[in-house]
Amino acid sequence: MSVPFAPAGLDERAERVLALMLEGQARLVAALEAMEDEAARDATAFEAMEDEAARDATAFEAMEDEAARDAPPLGAMAAPAAGEAASGARAGRFGTRVWTRAEGGGGQARVIEDGLVFERGGVNVSAVRGERVPESLAAQHPGVEGRAWFATGISLVLHPRNPHVSAFHANFRYFAVAGGAGRGEPGDDGVWWFGGGADLTPAYPVADDVRHFHATLAAWCGRHPQADHAAWKAACDDYFTVRHRGEMRGVGGVFFDELTPPHAPNHRFESDLACVRDGIATLLPAYAPLVARRRRTPYGERERRWLALRRGRYVEFNLVYDRGTRFGLQTGGHVEAILMSLPPVAGWAFEHRPDPGTPEADALTCYRPRDWLAERDPAAGPEAAAPWRTA
């Protein structure tokens, strides 16, 4: 397997997982750049209409001036230069940064900044190894202390520009720990497991959007017997709670540390890999329709201020509680790639409380555990989500 940052000597399982992560990264980046292209086309078309309206207004004003001053003929008016109508709005693109680490392995960061849709975001893949399991990992998986380890994963974080478009995070990861305390003792092949999840962070939650997100994740879980949607949703609500604030950072999703525990009877690599592959394929159907619905919603300074405050909660969670951030920093990962998860602009205000009855006050009622699917109006019937195509 020819991957510049991959550690040498990967076994067949590790190579297959890393290949899946890289394939997922390529597909996600292509789809997200397609959203940027669509936004650029919208911006150009809108500005062309504005320019046409401005030319019409100028023509009518010129007629008034001609009548008042006996002005030159209308045809003598200067016309806009060719290409003047378009502002040159440019679709955002994901840059590529490959990094390596001295202890073995590295990663590929695909990052977008200052896009039309996504103010900041990234789709990162890493594959790293070490001689001793990091503290953050050992704390969650007793019995692996002191062993050699390998980890690979994909991480997606998106911070849209429009406050009405939800921020989105997802990651899938694979860990393998050497057997025999890293000594390669006969009969002990070590342990491996998958983890992952996805969660939605809207500044202005819309019930239909949140239900669509949860329904799409529930449908994915329903296709795999080892997936427990109810347990994973509860784990997500708990994990993504900003405990010193007493609120969730968003509206949840799913989260699991071990897809199947290493010593469980149903611990099977092929079935777990299939579940993770399907999970990565589910990310766009869960999120892309929400972007399409909300990215044209008008907003102003008030909405941007509220977005900054909600992003502040996001920053607090990631820097204080997030285990992935700690794992990356403890293992000597690329700092910029690790902190790619943070928004470009965030804000804080002393004891800020939105006025009752405002959209911001309504939003706060959503940042707590809720059974969004049970709250669906029975008369509305099942939601039908159109499949998202990248081509």
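Scroll up to find the structure this text is about.
Residue positions within a chain follow its written sequence, with the count starting from 1. In view of the model being predicted, local features appear only for residues whose pLDDT reaches at least 70, and side-chain atom pairs are presented and counted only at 80 or more, with totals across whole chains, interfaces and linings using the full set of residues. Hydrogens and waters are ignored; side-chain quantities use all the structure's heavy atoms.

1. What to know about unusual backbone geometry
Turning to step 1, where the next piece is worked out: Positive phi values are uncommon outside glycine, yet Asp114 reaches one of about 60°.
Turning to step 2, where the next piece is worked out: Numbering goes from the N terminus for both helices and strands, where a helix is a DSSP run of H or I of at least four residues and a strand is a run of E of at least two. Inspection of the secondary structure puts Asp114 in the loop between strand E2 (105-113) and strand E3 (118-130).
Turning to step 3, where the next piece is worked out: The class of Asp114 is exposed, set by a relative accessible area of 59%.
Turning to step 4, where the next piece is worked out: Non-glycine residue Glu351 carries a positive phi angle of around 50°.
Turning to step 5, where the next piece is worked out: In this structure Glu351 comes out as exposed when scored by relative accessible area, which is 55%. Relative accessibility decides the category of a residue: with a 1.4 Å probe and only protein chains considered, values under 20% of the type maximum give buried, values over 50% give exposed, and everything between is partly exposed.

2. Some remarks on the sheet that holds strand E9 (residues 252-256)
Turning to step 1, where the next piece is worked out: A sheet is described by the order of its strands in space; here 7 strands give the open sequence E1-E2-E3-E4-E5-E6-E9, paired in antiparallel fashion. Edge strands, defined here as strands with exactly one partner in the open sheet, are strand E1 (95-100) and E9. On average, adjacent strands in this sheet sit at an angle of 5° to one another, irrespective of strand direction.
Turning to step 2, where the next piece is worked out: Strands qualify as paired when DSSP identifies two bridges or more between them. Alignment of E1 against E2, held across 6 bridges, turns out to be antiparallel. Pairing of Val98 across the sheet is with Gln108, part of E2. Only the contacting stretch of a helix is used when fitting its axis, a line to C-alpha atoms as for every element, and angles between N-to-C directions run 0 to 180 degrees.

3. Focus: the environment of Trp232
Turning to step 1, where the next piece is worked out: If you trace the backbone, Trp232 turns up in helix H4 (residues 229-239).
Turning to step 2, where the next piece is worked out: For Trp232, a relative accessible area of 7% puts it in the buried group.
Turning to step 3, where the next piece is worked out: For the pair formed by Trp232 and Phe255, sequence separation is 23 residues and the distance between their alpha carbons is 5.0 Å.

4. Brief notes about helix H3 (residues 207-222)
Turning to step 1, where the next piece is worked out: For H3, built from 16 residues, the straight-helix expectation of 22 Å at 1.5 Å per residue is met to within 8% by its first-to-last C-alpha distance of 22 Å.
Turning to step 2, where the next piece is worked out: Listed in full, the buried residues belonging to H3 are Asp209, Val210, Arg211, His212, Phe213, His214, Thr216, Leu217, Trp220 and Cys221.
Turning to step 3, where the next piece is worked out: Residues of H3 that are buried make contact with strand E5 (167-177), strand E6 (191-201), H4, E9 and helix H5 (269-294). To estimate the expected span of a helix, count its residues, drop one, and scale the result by 1.5 Å. Two residues form a contact once any of their heavy atoms are found within 4.5 Å.

5. Quick notes on the environment of Trp348
Turning to step 1, where the next piece is worked out: Tracing the chain through its elements places Trp348 in the loop between helix H8 (335-338) and helix H9 (359-364).
Turning to step 2, where the next piece is worked out: For the pair formed by Trp348 and Ala308, sequence separation is 40 residues and the distance between their alpha carbons is 7.5 Å.
Turning to step 3, where the next piece is worked out: Setting aside chain neighbours within four positions, we find Trp348 in contact with Arg245, Leu309, Gly312, Val315 and Glu316.
Turning to step 4, where the next piece is worked out: Counting of polar contacts relies on pairs of N or O atoms within 3.5 Å, with two restrictions inside protein: one atom must be capable of donating a hydrogen and the other of accepting it, and residues adjacent in sequence are counted only when both atoms are side-chain atoms. At 2.6 Å, the side chain of Trp348 and the side chain of Glu316 are in polar contact.

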